[in-house]
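# A structural walkthrough
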Amino acid sequence: ILFLAHRTPFPPDRGDKIRGYHILKHLAARARVHLIAFAEDDRDLAVPDDLLASATIVPRAKPMWRAGLEALAAGKPVSLTAFEDAALAEAVRTVLARQPIETIWCFSSQMAQYLPAGGEYRLVMDFCDVDSAKFAQYGREGSGPKALMMRREGRLLLAHDRAVAERVDASLFVSAAEAALFEDLTGAPRVSALPNGIDTVRFDPAADFAAVEAGPGPLAVFTGQMDYAPNVAAVDWFAREILPLVRHQHPAARLAIVGRAPTAEIQALADLPGVTVTGEVADVRGWLAAADVVVVPLKLARGVQNKVLEAMAMARPVVASGAAAEGIDHNGTIRVGADAAAIAGACSDLIADPAAADALGKAARARAIAHYGWDAALAPIDSILSADSVR
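Residues numbered from 1 in each chain as written. Predicted model: local features only at pLDDT ≥ 70, side-chain atom pairs only at ≥ 80, totals over all residues. Heavy atoms only, no water.

## Thoughts on the sheet that holds strand β3 (residues 54-59)
In spatial order, the strands read β3-β2-β1-β4-β5-β6-β7; together these 7 strands make up an open sheet with parallel pairing. Here the strands that pair on one side only, and so sit at the sheet edges, are β3 and β7 (191-193). Geometrically, the sheet is characterised by an average inter-axis angle of 20° between neighbouring strands, direction not taken into account. Strand direction decides the pairing type here: strand β4 (residues 103-107) and strand β5 (residues 122-128), joined by 5 bridges, are parallel. Considered in β5, the bridge of Trp 105 is made with Val 124. Contacting β5 and β6 (170-173), helix α6 (residues 144-167) runs over the sheet at an angle of about 145° to β5. Strand contacts of helix α7 (residues 176-186): β5, β6 and β7, with the helix running at about 165° to β7, the strand carrying the most contacts. (Pairing = 2+ DSSP bridges. Helix = DSSP H or I, 4+ residues; strand = E, 2+ residues; numbered from the N terminus. Axes fitted to C-alpha atoms, helices over the stretch in contact; angles between N-to-C directions. Contact = heavy atoms within 4.5 Å.)

Structural data, given as structure tokens:
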């Protein structure tokens, strides 16, 4: 198997890398896997020696301004030109020439440009999310030149993804809702869901991890990559509009924003009453365990949110927006709010009733164990690998 990834899955410390790591681990237990992937920093270069048949990691250093100019000149989406690299293309050609590859697993549509043209291989395209829909939404909600670029990106990326889906043996998405959306938008064949999972042994309130001294007062926690635009928008909304409503009921209530690479906008939120910005932490489990409520107020979300699954597995009560909860089969084990008042109300109610919050968290963990263990989530891979080509 040749596994192509837009970001090396090591270390598995953010959403897409976690999914990539567990899929790669599943595949490596069944076949010799050759990894070709991009690295964004030095930590991405540390690849385990015992998991893979080979690994080629290519640093990705192309600036976005250059990718944008290339995209405009070539009539392509920036999502593709940002990952267009001669060294990686040569690595793909080398592995295909030297190794008896049967299946190519392509992780994220940016990497589909490296798929060979012929029908010699089984091709599996893991789109993860319908990213074109995300850009289209940015375009609808924005204004000016940036909105025009977002609409262009959404249109061109959807056309690219439709063409890719027509030629591969399987197109996979993280949820049934994402798969259905893609089918509706493209009419593409052979589309199905391969859901995200969660390591319920590691994310267990009884596991061995360092406790966090979070301080006095009820604590709401948000975790995530804090230079990712939807996360930035979510915590800004919560800190400025929702937290004051919660503090009206519980004056000592606080928000901890936990995650790497906080932007200047995020760091400025620490000046607001009750807000803490931690930056990168070694282990989010301590902060999740300290939370009276975990909040996921994303206005824009695609697929399954790992941050929700992690909080559920840690038996914490979760309050999420409708967008963040859409891909989660939670069966009522998380609270969902449609607007700032509803989210604040749900948080306030859980803070006021610790017994109900504890019961909700325990129910969420039971749901995570039953429906989101990685072995169960990735079981469909085996039938994909054994199926005859249907193209």
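Text resumes after the structure shown.
## Quick look at the state of the cysteines
Scanning the entire structure with this criterion turns up 0 disulfides. Summary of cysteine pairing: Cys 106 is not part of a disulfide, and the nearest cysteine sulfur, belonging to Cys 128, is at 9.8 Å. (Disulfide = S-S within 2.5 Å.)

## Points about the nonpolar core
Judged by nonpolar contacts, the single largest core of 91 residues is most densely connected at Phe 3, Ile 23, Leu 27, Trp 105, Phe 238, Met 312 and Val 318. For this core, the leading source of residues is helix α8 (residues 229-249), giving 9 residues. Contact partners of Trp 105, with chain neighbours within four places excluded, come to Ile 1, Leu 2, Phe 3, Leu 4, Ile 23, Leu 27, Val 124, Asp 126, Leu 172, Leu 194 and Ile 381. Formed by 37 residues, the second largest nonpolar core is a distinct cluster that contains Ile 104, Val 130, Phe 173 and Val 191. (Core = buried A, V, L, I, M, F, W, Y, C linked by side-chain atoms within 4.5 Å. Buried < 20%, exposed > 50% of the residue type's maximum accessible area, 1.4 Å probe, protein only.)

## What about the environment of Ser 321?
Counting through the fold element by element, Ser 321 comes out in strand β12 (residues 318-321). You can call Ser 321 buried: its relative accessible area is 5%. The spacing of Ser 321 and Asp 382 is 61 residues in sequence and 34 Å in space, taken between C-alpha atoms. Residues within four places of Ser 321 in sequence aside, it is in contact with Val 296, Pro 297, Leu 298, Val 336, Gly 337 and Ile 343. A distance of 3.2 Å separates the side chain of Ser 321 from the backbone nitrogen of Ala 324, its partner in a polar contact. (Polar contact = N/O pair within 3.5 Å; in protein donor to acceptor, adjacent residues only side chain to side chain.)

## Focus: α7
Each full turn of the α-helix corresponds to 3.6 residues, which orients residues three or four apart in the same direction. Here α7 has its buried residues at Glu 178, Ala 179, Phe 182 and Thr 186. Buried residues along α7 cover an arc of 100° about the axis, so they all sit on one side. Those residues of α7 that are exposed and aimed more than 90 degrees away from the buried face are Ala 176 and Asp 184. (Arc of directions from axis to C-beta.)

## Details of the packing of helix α11 (residues 306-313) against helix α14 (residues 354-372)
The N-to-C vectors of α11 and α14 enclose an angle of 115°; their axes lie 7 Å apart at closest approach. Side by side, α11 and α14 meet where Leu 309, Met 312 and Ala 313 of the first sit next to Gly 361, Ala 364, Arg 365, Arg 367, Ala 368 and Tyr 372 of the second. Residue classes in the contact of α11 with α14 are distributed as 6 nonpolar, 1 polar and 2 charged. (Nonpolar A, V, L, I, M, F, W, Y, C, P; charged D, E, K, R; others polar.)

Nothing here speaks to function; it is geometry throughout.
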